[in-house]
Amino acid sequence: MAQASASANKTNEGEQQGGVSRDYSHDIIRVDDLHLAIDLKGADIEVIRGASFRIPAGKTVALVGESGSGKSILSQAILGILPNVARITAGNIWYRENASDQPLDLAGLKDDSAERIALRGGKISIIFQEPMTSLSPLHTIGNQIGEALELHRDIARNEVQTTVVQMLDLVGFPNPEAAWSMYPMELSGGLRQRAMIAMALICHPALLIADEPTTALDVSMQAKILSLLKELQLKLGMAVLLITHDLGVVANMADEVVVMYHGQIMEAGPREAIFKNPQHQYLKALLHAVPDLSMGYDEKLQSLRDIDHEIPASMIGEITERKTHVDEVLLKVRGLRKEFTTKKSTGWFGGTANVLKAVDDVTFDVRRGECFGLVGESGCGKTTTLKLIVRALSASGGSVEWLEGDGDDQSSIDLLGLNNAGVKAFRRKIQMVFQDPFSSLSPRSTVLNILKEPMEVHSMGSKKEQAAYAAELMRLVGLQPTFLGRYPHSFSGGQRQRIGIARALALRPELLVCDEPVSALDVSVQAQVLNLLKQLQEELGLTYIFISHNLAVVRYIADRIGVMFKGQLVEMANREELFENPIHPYTKALLDVVPHADLDHPLDFDRINRDMAAEGRDWSFPFSSQTDGSDMEMITISENHQVRAIIGSDPATISKAS
Amino acid sequence: MFRYIITRIGAMIPTLLLASIVIFTIIQLPPGDYVETYIGELIASGESVDLERAQYLREEYGLDKPMIQRYLLWIGNFVTGDFGYSFEYQRPVSEVVGNRLWLTIMVSMATIILTWVIAFPIGIYSATHQYSWGDYGLTFFGLLGLATPNFLLALVMMYFAQTLFGVSIGGLMDAEYIDQPMSWGKFKSILEHLIVPTIVIGTSGTAAMIRRIRANLLDELQKQYVVTARAKGVPPFKALVKYPLRMSLNFFVADIGSLLPTIISGAEIVAIVLSLQTTGPLLIAALQSQDMYLAGSFLMFLATLTVIGVLVSDIALGFLDPRIRLAGGAER
């Protein structure tokens, strides 16, 4: 390993001489054979085992690895914010701001020593993954950012506000003066992350540690934040340590890549070498486990750890029956609408009510045996649409029809018109898989109880049969029936999500509604869960509605895809058609911001910045409404392709206009 | 916010009305009335009682009227500031209670201040040094304090004060000062007598407070924004006080609501054991002798103060926590 990093250093030095940043000829951080242990009830567990790498001044180094590989704790060690139980057992972290400075060993300093405190936030700062929780809810944005400035710079009180407002402007706040006195809860996730970036950069640090800065954001916001980071890096001339598990982000951002696995550095080197010629098994596997827009449509993802599962005998009968009806329409959604009223409290005497159209005239069919994908940014109404279909929310208008049987004895059920008893009976046909496998399983129930509960609610079989069926469900998702007595906390994220899938399948539903089922999972298990879902669909003859903000994931699993924007479907097409021939400007923009995990398709950051300035609808004719939106409809381009445009537009002109 | 306060005050009226009905009904529940108790006492002390006098007393106090009428009379007068007449003391309720009120408030305030002064540093220490020997030790003593009944502690302290130091610690001042005008000597005497009741009454409250501060602060210490503050280079003490401590104060502010009634209720049982001239023993005696206007009006004070206290802490929370202030009125 030491060898790997040594050779990496050599290549980098070669590259750097001809590189852009000639002023920065030294390494700002040099981690040398670092060992770090966590004290777990008296027993030391070594989580970093001899890591060595460097961060050249002014460059971006990406630290890649799955959760638990030690990448976050390594960044905490550099910053000096290790949790109480963790300590550095051996090795050095050499820090040198300027080439002429004496290197300072950060590993030898106490976390709360004056030198360390002065460095933190002043010379080295960090942004975190979770913009929702990393700011204090009780203090204004201005207070929190200004605090960093007052701590590290000798600055007059009255200048603090001007400097902070300038910084807020720089990170792209639409109204920086107003943001000064706003609280984090008044801002969206993207703006909070910008505030966090402003806080980290207010003192112009020499090194910025970005710990999964875009993982909690959707693709368009991710592209904007990445572009912002890149721009600021150039402006301020700082080095960036980018911690991520998203190889697409790495390919677009990093100058050098360090790959970690189980506390050790597997591979390190310049970006080109890592992507073109990966050496280590783990890295190779990782590159094949990530769904990507440039892979073939029928290519299968190689999961890092494959799972075997078996179909219980009791299910096979239904399956053959179900498969005979493939391709008939199962669910008809027509003109679905949902409005929320939010009261904007302004002034002392309440305020005006705001009506938000969360779902606005959404129409689509789901055919038996297919997977219908819904994509869009967060807040576009995907999840609300699902909740309306499963009757978790009540719709403001429109209809949802469930079709059964074939030919003459076809019958339909109006889902939105069902009474409570009807809804309960109907839930046996539609079940849901949730996004967060950690909060969607009760920590106080055993897996057996979790799987049995739906059967108890719907009084399926005797107690004995239920337990036996629960064991079969476990095998169905590739888990040991012996795990039934355990509690959810003893499982990993991927295993928990499989339990969530087993629970959804307990009632033998025909339609499975999946709400971002893999977005909370590590890339290495994403492939595993996606493959499982794909196999189960095939083997059990299930129908899926699958929503995600990750286009690559939807492309991997869905047969037909609808693109949503601000509560409306703007384009709907077969998978190949949508990705090969996107027509609507929004779909195109969405495809443009997906970072590819290869070097041949870099993100166009200039364009993203331009689009950012023109937030909102300035789409060309005929995609923009001339009035309040009532002049728009879905226009059929071809049999399986529809686009939202002005009523009566000619399909040919639409295709051309794009 | 203004609108919120108005609606909250509006909601207080039915709450208090309901409370008054419950209080009055419960006071009326035991069989008999004050006159019966009074006559019973007279007989027990060997005096002869004439039934006509009993009838006269009943009429005089309005005890012969139906319950609903008595209730309306009482609550109607209560609203106008006439809290009724104490049978036992032969004086208006406001006078009987008023005499003891300032002593009660003094004991309670001293107790509350002692509780905060001890509980805050210990709670913060315990939370920031979780699972250290210091934490375990303080937790042990805290639980001990929580588990010891106050009145028992009062008895034990009285015993030791008597046997070891030869002083009597009962009462709130030396006997010679009772009913005397305020003087330097009386003030000193009161302060001396205040020490033991304050400690006795404060023990369990302090222990409970330590546990709550520790638990709340521990929750907050694990939050991401604390790491953010450290990463910004905020010195450890300031990072503790400005962020997690401030956040964990929400429970404390919410607690202020329940403090108001305790300030005037004056730890009843302990007050009896230590023979303090506070309102606590007064209330118990009134309940025993069915001195119904005294008991009823006093309980009504407590109910009113509880409702006002809750309102005050809700408003204070709104001012302290922007999440509560700004999310108010939003609908899902």
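Residues numbered from 1 in each chain as written. Chains lettered and ligands numbered in written order. Predicted model: local features only at pLDDT ≥ 70, side-chain atom pairs only at ≥ 80, totals over all residues.

Bringing the overall build of chain B into the picture now. If you tally the helices and strands in chain B, you get 14 helices and 2 strands. Principal-axis analysis of the C-alpha atoms places the extent of chain B at approximately 85 × 65 × 35 Å. Across the 332 residues in chain B, those meeting the buried criterion constitute 30%. Considering only intrachain contacts with a sequence separation of at least 6, the fraction spanning at least 24 residues in chain B is 72%. (Helix = DSSP H or I, 4+ residues; strand = E, 2+ residues; numbered from the N terminus. Buried ≥ 20, exposed ≤ 12 C-beta atoms within 10 Å, placed from the backbone. Contact = placed C-beta atoms within 7 Å.)

We now examine the overall build of chain A. Looking only at helices and strands, chain A features 23 helices and 22 strands. Scaling as 2.2 N^0.38, a compact globule of 658 residues should have a C-alpha radius of gyration of about 26 Å, and chain A matches this with 27 Å. Expressed as lengths along the three principal axes of its C-alpha atoms, the size of chain A is roughly 85 × 60 × 55 Å. With 658 residues in all, chain A has 46% of them scored as buried. In chain A, once contacts between residues fewer than 6 apart in sequence are set aside, the share between residues at least 24 apart is 69%. (Rg over C-alpha atoms; globule rule 2.2 N^0.38 Å.)

Between its terminal C-alpha atoms helix α5 (residues 157-170) of chain A stretches 21 Å, which fits the 20 Å expected from 14 residues at 1.5 Å a residue. Contacts from the buried residues of α5 of chain A go to α4 (141-152), α6 (176-180) and α7 (189-201) of chain A. (Expected span 1.5 Å × (residues − 1).)

This part is about the packing of helix α9 (residues 224-231) of chain B against helix α10 (residues 236-265) of chain B. Residue and element names in this part refer to chain B. Where α9 meets α10, the axes come as close as 10 Å, and the angle between the chain directions of the two elements is 150°. Relative to α10, α9 is oriented roughly antiparallel. In terms of crossing hand, the pair formed by α9 and α10 is right-handed. Of the residues in α10, those in contact with Tyr225, Val226, Ala229 and Arg230 of α9 are Ala239, Tyr243 and Pro244. (Axes fitted to C-alpha atoms, helices over the stretch in contact; angles between N-to-C directions. Parallel < 35°, antiparallel > 145°, perpendicular 65-115°, else oblique. Left-handed = near helix turned anticlockwise from the far one by under 90°.)

What follows deals with the environment of isoleucine 75 of chain B. Residue placement: isoleucine 75 of chain B occurs in helix α4 (residues 67-79). The spatial distance from the C-alpha of isoleucine 75 of chain B to the C-alpha of alanine 207 of chain B is 39 Å, given a sequence separation of 132 residues.

Turning our eyes to something else, we now look at the sheet that holds strand β2 (residues 43-56) of chain A. Residue and element names in this part refer to chain A. Taken together, 4 strands build an open sheet; the order of strands is β2-β1-β4-β5 and the sheet is antiparallel. Among the strands making up the open sheet, the edge pair consists of β2 and β5 (104-105). In this sheet, β5 lies alongside strand β4 (residues 86-95) in antiparallel orientation, the contact comprising 2 bridges. Bridge pairing in β5 links tyrosine 95 to leucine 104. (Pairing = 2+ DSSP bridges.)

All names here are of chain A. Across the 5 residues that make up strand β3 (residues 60-64), a large majority, 5, are buried. The alternating pattern of β3 places Thr60, Ala62 and Val64 and Val61 and Leu63 on opposite faces, both of which are buried. Across 5 bridges, the pairing between β3 and strand β8 (residues 239-244) is parallel. Note that in β8 the partner of leucine 63 across the bridge is isoleucine 243. Here 4 bridges tie β3 to strand β9 (residues 256-261), and the two strands are oriented parallel to one another. If you follow valine 64 over to β9, its bridge partner there is valine 259.

Side chains on a regular strand alternate between the two faces of the sheet. Residue and element names in this part refer to chain A. Within strand β10 (residues 264-270), 5 of the 7 residues are buried, which leaves the element mostly enclosed by the surrounding structure. Taken together, the 6 bridges between β9 and β10 define a ladder with antiparallel strand orientation. By the bridge assignment, valine 259 is partnered in β10 with glutamate 267. Following β9, the chain reverses through 2 residues before pairing antiparallel with β10; histidine 262 in that reversal takes a positive phi of roughly 50°.

What follows covers the sheet that holds strand β16 (residues 430-433) of chain A. Residue and element names in this part refer to chain A. Ordered in space as β16-β17-β18-β13-β19-β20-β22-β21, the 8 strands form an open sheet in which the pairing is mixed. At either margin of the open sheet sits one strand with a lone partner, and together these are β16 and β21 (632-638). Between one strand axis and the next, the sheet turns through 25° on average, direction left out of account. Pairing analysis gives 6 bridges linking strand β19 (residues 560-565) to strand β20 (residues 568-574), with the strands arranged antiparallel.

This brings us to the nonpolar core. Formed by 204 residues in total, the largest nonpolar core has its most connected members in Leu207 and Val258 of chain A. Examining the composition of this core, we find that 9 residues originate from one element, helix α18 (residues 523-540) of chain A, more than from any other. When sequence neighbours within four positions are dropped, the list of residues in contact with valine 258 of chain A reads Phe53, Val61, Ala62, Leu63, Val64, Ile265 and Ala268 of chain A. Core analysis: the second largest hydrophobic core is formed by 24 residues, Phe24, Val35, Leu294 and Ala295 of chain B among them. (Core = buried A, V, L, I, M, F, W, Y, C linked by C-beta atoms within 7 Å.)

A word on the confidence of the model for chain A. All names here are of chain A. Confidence along chain A averages 84 in pLDDT terms, with 90% of residues attaining 70 or more. Low pLDDT (under 50) marks residues 1-22, which in the prediction has 24 contacts with non-local residues, meaning those over four places away or in another chain. Below pLDDT 50 for its whole length, residues 345-350 participates in 13 contacts with residues either more than four positions away or in separate chains. (pLDDT = per-residue confidence, 0-100.)

Our next topic: helix α3 (residues 51-61) of chain B. Among the 11 residues that make up α3 of chain B, 0 are buried, leaving the element largely open to the surroundings. Following α3 of chain B by one or two positions, glycine 62 of chain B has its phi on the positive side, about 75°.

A common way to state how big an interface is: give the accessible area lost once the parts meet. Residues and elements named next belong to chain B. Split into domains, chain B comes out as domain 1 (31-82) and domain 2 (100-327). Look at where the C-alpha atoms of domain 1 and domain 2 centre, and you get two points 38 Å apart. Its residues assigned to classes, the side of domain 1 that touches domain 2 shows 3 nonpolar, 2 polar and 1 charged. (Domains from an automatic or database assignment. Nonpolar A, V, L, I, M, F, W, Y, C, P; charged D, E, K, R; others polar.)

Residue and element names in this part refer to chain B. Overall, the prediction assigns chain B a mean pLDDT of 82, with 96% of residues at 70 or greater. Taken element by element, chain B is modelled with least confidence in helix α14 (residues 322-327), mean pLDDT 73, and with most confidence in α9, mean pLDDT 90. Confidence estimates for the predicted assembly give a pTM of 0.78 and an ipTM of 0.76.

Another aspect to go through is the packing of α7 of chain A against helix α8 (residues 219-236) of chain A. Residue and element names in this part refer to chain A. Viewed as axis vectors pointing N to C, α7 and α8 meet at an angle of 15°, and their least axial separation amounts to 11 Å. Judged on the interaxial angle alone, α8 and α7 are roughly parallel. Between α7 and α8 lies a crossing whose hand is right-handed. Here Gly190, Gln193, Ile197 and Leu201 of α7 come into contact with α8, specifically with Met221, Ile225, Leu228, Leu232 and Leu236.

Moving on, we get to unusual backbone geometry. Residue histidine 204 of chain A is not a glycine yet carries a positive backbone phi of 50°. Tracing the backbone through its elements, the reader meets histidine 204 of chain A in the loop between α7 and β7 (207-211). With a phi angle near 60°, glutamine 90 of chain B is a residue other than glycine that sits in the positive phi range. In this fold, glutamine 90 of chain B is placed in the loop between β1 (85-86) and β2 (91-92).

What follows deals with the environment of tyrosine 183 of chain A. Examined against the element boundaries, tyrosine 183 of chain A turns out to sit in the loop between α6 and α7. Between the C-alpha atom of tyrosine 183 of chain A and that of leucine 135 of chain A, which follows or precedes it by 48 residues, the distance is 9.3 Å.

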